[in-house]
Amino acid sequence: MENTMKSLGATTFLLPAPVLLVGTYGRQGKANIMTAAWGGICASKPPAVAVSIQKTRWTYASLLERKAFTVSIPSTAQAAQADFAGIRSGADIDKFASLQWSPVKGDFVDAPYVGECPVVLELALLQSVEIGSHVQFIGEVKDVKVRADCLDAEGRPDVAAIDPLLFAPVVRQYWGLGKLAGKAFSLGRDIAGK
């Protein structure tokens, strides 16, 4: 049976998209989070993560002013809360209070993170790049925190225990991870006898 490809046109589709809760402090020091799915690792040295935010978002000005942000990675059990943080504005409500989540002050940057999330990254703003509808903020990772019950016996992040929430653009759905496919940088060595 032949597979045929159907064009969906020029659209924002890449799988998976991580669900990221971007934390900042506003002008009066109010802790805020917003949900972003346009983001990911963008450099190894220095370790850096980028998130893209529209200029109309409340987080945009806060991030520029403080030159710092956090990325909290929610689990699939936190899907409803993560969705809420993306459809409401911090200009109108206190999202931390509404969600009964704890805003924790970063140890390395001037930004709050979600105390209830299994993974947190603290980032210092390196640069921003205007790209059409969004501005991409590139942050240098100053620290990564992983909840103790989400570490394996060797002290490394346990992906199954973290159970990160993922977003599927175009179809607008949240997903969890599937099964392990294999060990990276070794699975392909058996192809063609190498």
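For the structure given in this document, a descriptive report is provided here. (Residues numbered from 1 in each chain as written. Predicted model: local features only at pLDDT ≥ 70, side-chain atom pairs only at ≥ 80, totals over all residues. Heavy atoms only, no water.)

## Considering the overall build of the protein
What counts here: Each helix is a run of H or I in the DSSP string that is no shorter than four residues. Each strand is a run of E no shorter than two, and both are numbered from the N terminus. In this treatment the radius of gyration is a C-alpha quantity, and the globule benchmark scales as 2.2 Å times the residue count to the 0.38 power. Partly exposed residues are those whose accessible area sits between 20% and 50% of the maximum for their type, while under 20% is buried and over 50% is exposed, using a 1.4 Å probe and protein chains only. Any pair of residues with heavy atoms lying within 4.5 Å of one another is described as a contacting pair. Note on areas: Shrake-Rupley, 1.4 Å probe, and residue coverage restricted to the protein chains presented here.
Looking only at helices and strands, the protein has 4 helices and 12 strands in total. Relative to the 2.2 N^0.38 estimate, which gives 16 Å for 194 residues, the radius of gyration of the protein is 18 Å and therefore close to what a compact globule would have. Along the three orthogonal principal directions, the C-alpha set of the protein runs to about 60 × 45 × 35 Å. Per-residue burial for the protein yields a buried fraction of 38% across its 194 residues. Counting only contacts in the protein whose residues sit at least 6 apart along the sequence, the fraction spanning at least 24 positions is 60%. Total accessible area on the protein is roughly 11700 Å²; 56% of this is exposed by carbon and sulfur atoms.

## Brief notes about the sheet that holds strand E4 (residues 39-43)
Neighbouring strands of a sheet are bound in pairs by backbone hydrogen bonds; such pairs are parallel or else antiparallel. Let me state the cut-off plainly: Note: two strands are recorded as paired if DSSP finds a minimum of 2 bridges between them. Note on geometry: axes are lines fitted to C-alpha atoms, helical ones only across the stretch in contact, with angles between N-to-C directions running from 0 to 180 degrees.
Across the sheet, which stays open at both edges, the 7 strands sit in the order E3-E2-E6-E9-E10-E5-E4 with antiparallel pairing between neighbours. The two strands at the open ends of the sheet, each matched to only one other strand, are strand E3 (31-36) and E4. Strand after strand, the sheet turns through a mean of 35 degrees between neighbouring axes, direction not considered. Taken together, the 3 bridges between strand E2 (residues 20-25) and strand E6 (residues 68-73) define a ladder with antiparallel strand orientation. Residue Val22 lies in a different strand from E6, and its bridge partner there is Val71. Its contacts with the sheet put helix H1 (residues 58-66) on E2, E3, strand E5 (48-53), E6, strand E9 (119-131) and strand E10 (134-146), and the angle it makes with E2 is roughly 60 degrees. On top of the sheet, helix H2 (residues 79-87) reaches E2 and E3; it is set at about 100 degrees to E3, its chief contact.

## Brief notes about the sheet that holds strand E12 (residues 173-175)
Read across the open sheet, the 3 strands follow the order E1-E11-E12; overall the sheet is antiparallel. Whereas interior strands pair on both sides, the edge strands pair on one side only; in this sheet they are strand E1 (17-18) and E12. Relative to strand E11 (residues 166-168), E1 runs antiparallel, the two sharing 2 bridges. Within the sheet, the bridge partner assigned to Ala17 lies in E11 and is Phe167.

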